[in-house]
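Inside the fold
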6 protein chains.
Amino acid sequence: MQITRRATFSASHYYWNPDWSPEQNARVFGKCANRAGHGHNYTLEVTVCGVVDPVTGFIVDLKWLRDLIEREVIDVYDHRHLNLEVPEFAQTIPTTENIAIAIWNRLAAAIAAGSSARLTSVRVYETPEIFAEYDGELA
Amino acid sequence: MQITRRATFSASHYYWNPDWSPEQNARVFGKCANRAGHGHNYTLEVTVCGVVDPVTGFIVDLKWLRDLIEREVIDVYDHRHLNLEVPEFAQTIPTTENIAIAIWNRLAAAIAAGSSARLTSVRVYETPEIFAEYDGELA
Amino acid sequence: MQITRRATFSASHYYWNPDWSPEQNARVFGKCANRAGHGHNYTLEVTVCGVVDPVTGFIVDLKWLRDLIEREVIDVYDHRHLNLEVPEFAQTIPTTENIAIAIWNRLAAAIAAGSSARLTSVRVYETPEIFAEYDGELA
Amino acid sequence: MQITRRATFSASHYYWNPDWSPEQNARVFGKCANRAGHGHNYTLEVTVCGVVDPVTGFIVDLKWLRDLIEREVIDVYDHRHLNLEVPEFAQTIPTTENIAIAIWNRLAAAIAAGSSARLTSVRVYETPEIFAEYDGELA
Amino acid sequence: MQITRRATFSASHYYWNPDWSPEQNARVFGKCANRAGHGHNYTLEVTVCGVVDPVTGFIVDLKWLRDLIEREVIDVYDHRHLNLEVPEFAQTIPTTENIAIAIWNRLAAAIAAGSSARLTSVRVYETPEIFAEYDGELA
Amino acid sequence: MQITRRATFSASHYYWNPDWSPEQNARVFGKCANRAGHGHNYTLEVTVCGVVDPVTGFIVDLKWLRDLIEREVIDVYDHRHLNLEVPEFAQTIPTTENIAIAIWNRLAAAIAAGSSARLTSVRVYETPEIFAEYDGELA
């Protein structure tokens, strides 16, 4: 049994591997290699599983989950440049895949510690056409 | 192999545990504890799995599935107050989680009996931001 | 030149004319006449027009407009039963048309007083399939 | 870890089993049996899984995946009559289920051969209300 | 004061001017000139204006409007090939513009005759990316 | 009679008035004043009006309009930092209002020169919650 909460944030990023020449960055990353940056309205879906508490009818208190997502993710990512202002992307390229992993890492322990639910997946939409989903297993 | 049919209904509900004081209901359920009720346009996704029949190309006849959902769910829930008018919520708080379980219970046996498909999940969106998914296993 | 801000609220309502018999209410209003109520996720679009301020690039400060909508509309309508808890619907049936007019009446003077913009339309979606739009002229 | 790319195509089709009488086709397939055909804006979601390459941050190069989908699916299906112009539907009824299987068959080997990712699911929306999902296992 | 009702239909069409050579049709209409046809999920928005009846709170009875749209448009267009099966497109190319005009012509007099409202616009979406809007004036 | 074409682009921006102190920029523009920039998936709707050509059924050739939007807007704005890389925003704050005006200025003359249609409005969505619309008149 699962429940999902959606949230959104708007952020800038670029794709750049500092070990490569500008030409190789442009060849692999195309328009995303532009160092001035570009941005997206990201949509985030946080899914947890657990037992429905017979007293509340809840797997998790969604207000608590919303506040947790707000504090741990939105306050850090929203209206920010991911490469320049978010610590986990100082060395890691903020692709959709890596953003999903980073959000998992920000939320999984806190959800386990603060509720009887368990994080099961983080889905991140970069645009309506592209989304990554991470379930805690890298492969 | 799976196929999904979406449907919608508009209903009222509130969250209230009769074993609690009004203060405790307000503290846990916030605005949802308002006894006058509030409502949503719910979206329902019913997913079944099975083998594609080589004669029809169907896992299940979607007109039959639509009529079943209409009769078993929409006719009972749409334009209703879930707490006051739908029997399964007389004692059970109509959270998104419990609505998903209740719809599963209304559909699973009928799908198995009337087709060669099997219900695999019921997803209920309370708003575009919140949805629960039930696959027949409570934990 | 116009700018629009969207907001959402979830509320219950029913359609009932107290001058009519229950039969006539049922005949005219169908399922909407159910006195237990039903509900919707309403979407509201508030559109204002004005001159773009060359200093800010704004027609109106959207944070100010968002807070105004929040205070004047969302705080009053969200998670409420419109017929029972919102004063303007004590005597007026909360149809989509009347909700659009009521929201106009809550916002038009405040926008004119608090900004250099002017309200030009209020659009209310009851569902994605039905919406009303009011521009301040009743016919 | 998964990443999904969405694409769209517009196509005509009808449902018709040549072993049946016109009456039986009409009884089983309803309006879809109309031999003049009708059409849809199909939405396709192609999901692959794999390891995130630490050098690029990618499971798969999404530009490469987009071009593959374009060449293998969109160029063949878009603005076409599926029954009359797409070879895999000469003998197979182009139901949503069969379209999902056919797209899987067009993409799975090419993704495995051209990248380090693996196709995990193909989801096809015929309308926003109906979608099929295939994961490579027929039952 | 306006109210809008949305409806959908799925249909096939092609673009072909019989006075032109196949080459000229292909040059002007591109993939749309394919005589096998292709199709879309069309979305239709019918907007009427009028006075809000103080007795009902309605500009128009939306159930009546829905049934009118169903009978005059959906029953004729849905699951049809517009060029081959809908009379107004026997001589007229079913572009988005011409479909909007044709639907206006099917509805305007009936709305004026059967209600106190007046049709103000017909919007037709061929895809989410393309829509035409007609207000009864050709230029 | 109008027809609309939608397009999308992803870009970065910030709000900053160089005549103000950092404190005043922060007070007026809030999170948008962050000089590292943030970004959005913008959606653009370009609406033209004209007479339906009886030979083609078109107000305007939508492939031509798409290519014009691509060349004049998307190629210049997409995957760019609007403040730093797009000339019209070197001195002008790229608010939603100013982006709509700038796109109008890029398209209006070209549409009038290259077709028998006329640009009637440019609508720009910064997010699904905020959009500006410009019709060529500043007030």
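Within each chain, residue numbers correspond to sequence positions counted from 1 in written order. The order in which chains are written sets their letters, starting at A; the order in which ligands are written sets their numbers, starting at 1. Where totals are concerned, whole chains, interfaces and linings use all residues; where local detail is concerned, this predicted model gives features only for residues with pLDDT of at least 70, and gives and counts side-chain atom pairs only at 80 or more. To obtain the side-chain values, all non-hydrogen atoms of the structure were used and water was disregarded.

Quick look at the overall build of chain A now. Put simply, DSSP marks the helices as runs of H or I at least four residues long and the strands as runs of E at least two long, and each gets a number from the N terminus on. A count of helices and strands for chain A gives four helices and five strands. Traced from its N-terminal end to its C-terminal end, chain A shows the element sequence β-α-β-α-β-α-α-β-β. Viewed in the frame of its principal axes, chain A has a C-alpha envelope of about 60 × 30 × 25 Å. Residue burial is assigned from relative accessible area. The probe radius is 1.4 Å, only protein chains are included, and a residue is buried under 20% of its type maximum, exposed over 50%, and partly exposed in between. Split into buried and exposed, the 139 residues of chain A put 58% on the buried side. Sequence-distant contacts in chain A: of pairs separated by 6 or more residues, those separated by 24 or more amount to 68%. Per-residue accessibility takes into account occlusion by the displayed protein chains alone, with areas from the Shrake-Rupley method and a 1.4 Å probe. When the accessible area of chain A is evaluated, it comes to approximately 5,600 Å², of which 50% is carbon and sulfur surface. Charged side chains of chain A number 12 positive and 18 negative; the gap between the two group centres comes to 3 Å. In this analysis, two residues are considered to be in contact whenever any of their non-hydrogen atoms come within 4.5 Å of each other. Note that His is not counted, nor are the chain ends; the positive residues are Lys and Arg, and the negative ones are Asp and Glu. Think of each charge as sitting on NZ of Lys, CZ of Arg, CG of Asp or CD of Glu.

It is worth spelling out the interface of chain A and chain F at this point. As a measure of interface size, the accessible area lost when the parts come together is often cited. The partner chain F presents 19 residues to the 19 residues of chain A that form the contact. Summing both sides of the interface, chain A and chain F together bury roughly 1,500 Å²; the carbon and sulfur share of this comes to 46%. Computed with a 1.4 Å rolling probe, the buried area is the accessible surface lost when two parts are put together, summed over both parts. Taken as a group, Lys 31, Asn 41 and His 79 of chain A account for 36% of the area that chain A buries against chain F, more than any other trio of residues on that side. For this document, the term salt bridge refers to a Lys or Arg side-chain nitrogen within 4 Å of an Asp or Glu carboxyl oxygen. Taken together, the links from chain A to chain F amount to two salt bridges. With a closest N to O distance of 2.6 Å, Lys 31 of chain A and Asp 78 of chain F form a salt bridge. Throughout this description, a polar contact denotes any pair of N or O atoms lying within 3.5 Å of each other; where both atoms belong to protein, one of them has to be capable of donating a hydrogen while the other can accept it, and for residues adjacent in sequence the pair is counted only when both atoms sit in side chains. Put simply, chain A and chain F have 20 residue pairs in polar contact (both at pLDDT 80 or more) between them. With four residues, strand β2 (residues 38–49) of chain A is the single largest residue contributor to the side of chain A that touches chain F. Throughout, the ten residues Ala, Val, Leu, Ile, Met, Phe, Trp, Tyr, Cys and Pro are labelled nonpolar, Asp, Glu, Lys and Arg are labelled charged, and all others, Gly among them, are labelled polar. A breakdown of the residues in the side of chain A that touches chain F according to their chemical character gives three nonpolar, eleven polar and five charged.

Okay, the layout of surface pockets next. Method remark: on a 1 Å grid restricted to protein atoms, a set of points is classed as a cavity if a 1.4 Å probe fits but cannot get out and as a pocket if it is open with protein on both sides within 12 Å along at least five of seven lines; lining residues have an atom within 4 Å of a point. Grid points are joined across faces, edges and corners, and a volume is the space filled by probe spheres set on the points. Taken as a whole, the second largest pocket spans an internal volume of roughly 830 Å³. What lines the second largest pocket is a set of 30 residues, and nearest its centre among them are Arg 123 and Glu 133 of chain A, Arg 123 of chain B together with Arg 123 and Glu 133 of chain D. The residue inventory of the lining of the second largest pocket, partitioned by class, reads five nonpolar, 15 polar and ten charged.

Below, the discussion takes up the relation of the copies chain A and chain F. Copies overlap after least-squares fitting; the atoms used are the C-alpha atoms of residues with pLDDT of at least 70 in both. Each copy of the sequence occupies a distinct position, and chain A is placed on chain F by a rotation of 180° and an axial shift of 0.0 Å, giving an RMSD of 0.0 Å. Taken together, the rotation and translation describe the operation of a two-fold axis. Interface overlap between copies is the fraction of interface residues in one copy that are interface residues in the other; for chain A against chain F it reaches 100%, indicating a shared surface.

Once that is clear, we can look at the interface of chain E and chain D. Taken together, the contacts link 19 residues of chain E with 19 residues of chain D. For the chain E and chain D pair, buried surface summed over both sides reaches about 1,500 Å², with 46% attributable to carbon and sulfur atoms. Considering only the side of chain E, the residues that lose the most area to chain D are Lys 31, Asn 41 and His 79 of chain E, jointly responsible for 36% of the buried surface there. Between the two partners, chain E and chain D, sit two salt bridges. Joining chain E to chain D, the criterion identifies 20 residue pairs in polar contact (both at pLDDT 80 or more). Counting only elements with at least two residues in the side of chain E that touches chain D, the list comes to β1 (2–13), β2 (38–49), β3 (80–81) and β4 (118–127) of chain E. Broken down by element, the side of chain E that touches chain D gets its largest block of residues, four residues, from β2 of chain E. In terms of residue class, the side of chain E that touches chain D is built from three nonpolar, eleven polar and five charged.

A few words on the pairing of strand β1 (residues 2–13) of chain F. Burial analysis of β1 of chain F places nine of its twelve residues in the buried class, which makes it a mostly covered element. At least two DSSP bridges between two strands are required for those strands to pair. By the bridge criterion, four bridges tie strand β5 (residues 130–134) of chain E to β1 of chain F in an arrangement that is antiparallel. Bridging from a neighbouring strand, Ala 132 of chain E pairs with Ile 3 of chain F of β1 of chain F. As paired strands, β1 of chain F and strand β2 (residues 38–49) of chain F are joined by twelve bridges and run antiparallel to one another. Across the sheet, Ile 3 of chain F pairs through a bridge with Val 48 of chain F, a residue of β2 of chain F.

For the match of chain E to chain D, the screw axis carries a shift of 0.0 Å, the RMSD comes to 0.0 Å, and the turn is 180°. Here 100% of the interface residues in chain E have copies in chain D that are interface residues too; the copies meet face to matching face.

Moving on: the arrangement of the chains. No interface is formed between chain C and chain D, the nearest pair of C-alpha atoms being 13 Å apart. Nothing in chain B touches chain F; the tightest C-alpha to C-alpha distance between them is still 13 Å.

What follows covers the packing of helix α2 (residues 62–77) of chain C against helix α4 (residues 96–114) of chain C. Residues and elements named next belong to chain C. Contact geometry of α2 with α4 gives a least axis separation of 11 Å together with a crossing angle of 145°. In the crossing of α2 with α4, the sense of the turn from one axis to the other is right-handed. Contacts between α2 and α4 pair Trp 64, Leu 65, Leu 68, Ile 69, Glu 72, Val 73, Val 76 and Tyr 77 from the former with Ile 99, Ala 102, Ile 103, Arg 106, Leu 107, Ala 110, Ile 111 and Gly 114 from the latter. Split into classes, the residues belonging to the contact of α2 with α4 amount to 13 nonpolar, one polar and two charged. Axis geometry follows a simple rule: fit a line to the C-alpha atoms, using only the stretch in contact for helices, then measure angles between N-to-C directions, giving values from 0 to 180 degrees. Helix crossings are classified by the rotation of the near helix relative to the far one: an anticlockwise turn of less than a right angle makes the crossing left-handed, while a clockwise turn makes it right-handed.

Our focus in this paragraph is helix α4 (residues 96–114) of chain D. Spacing of three or four residues puts side chains on the same side of an α-helix, whose turn is 3.6 residues. Residue and element names in this part refer to chain D. Its 19 residues place the ends of α4 27 Å apart at the C-alpha level, agreeing with the 27 Å of an ideal helix rising 1.5 Å per residue. Each residue is assigned a bend, namely the angle between axes fitted to the seven residues that terminate at it and the seven residues that start at it. Taking the largest bend as the criterion, α4 deviates by roughly 30°, centred on Leu 107. Those residues of α4 not exposed but buried are Thr 96, Glu 97, Asn 98, Ile 99, Ala 100, Ile 101, Ala 102, Ile 103, Trp 104, Leu 107 and Ile 111. By this rule, a helix spans an expected 1.5 Å times one less than how many residues it contains.

Among the structural elements, Thr 47 of chain F can be located in strand β2. Sequence-distant contacts of Thr 47 of chain F, defined by excluding residues within four places in its chain, comprise Gln 2, Ile 3, Thr 4, Arg 118, Leu 119, Thr 120 and Ser 121 of chain F.

Residues and elements named next belong to chain B. For Thr 47, a relative accessible area of 8% corresponds to the buried category. Between the alpha carbons of Thr 47 and Ala 102 there is a distance of 15 Å; along the sequence they are 55 residues apart. A polar contact of 2.7 Å, which involves the side chain of Thr 47, links it to the side chain of Thr 4.

So, on to the pattern of salt bridges. All told, the structure shown has 48 salt bridges over all chains when counted by the stated rule. The salt bridge involving Arg 71 of chain D is made with Glu 72 of chain D; its shortest N-O contact spans 3.7 Å. Judged by its relative accessible area of 25%, Glu 72 of chain D falls in the partly exposed class. The residue Asp 67 of chain F makes a salt bridge to Arg 66 of chain F at a minimum N-O spacing of 3.4 Å. Note on Asp 67 of chain F: relative accessible area 40%, which makes it partly exposed. Since its relative accessible area comes to 37%, Arg 66 of chain F is described here as partly exposed.

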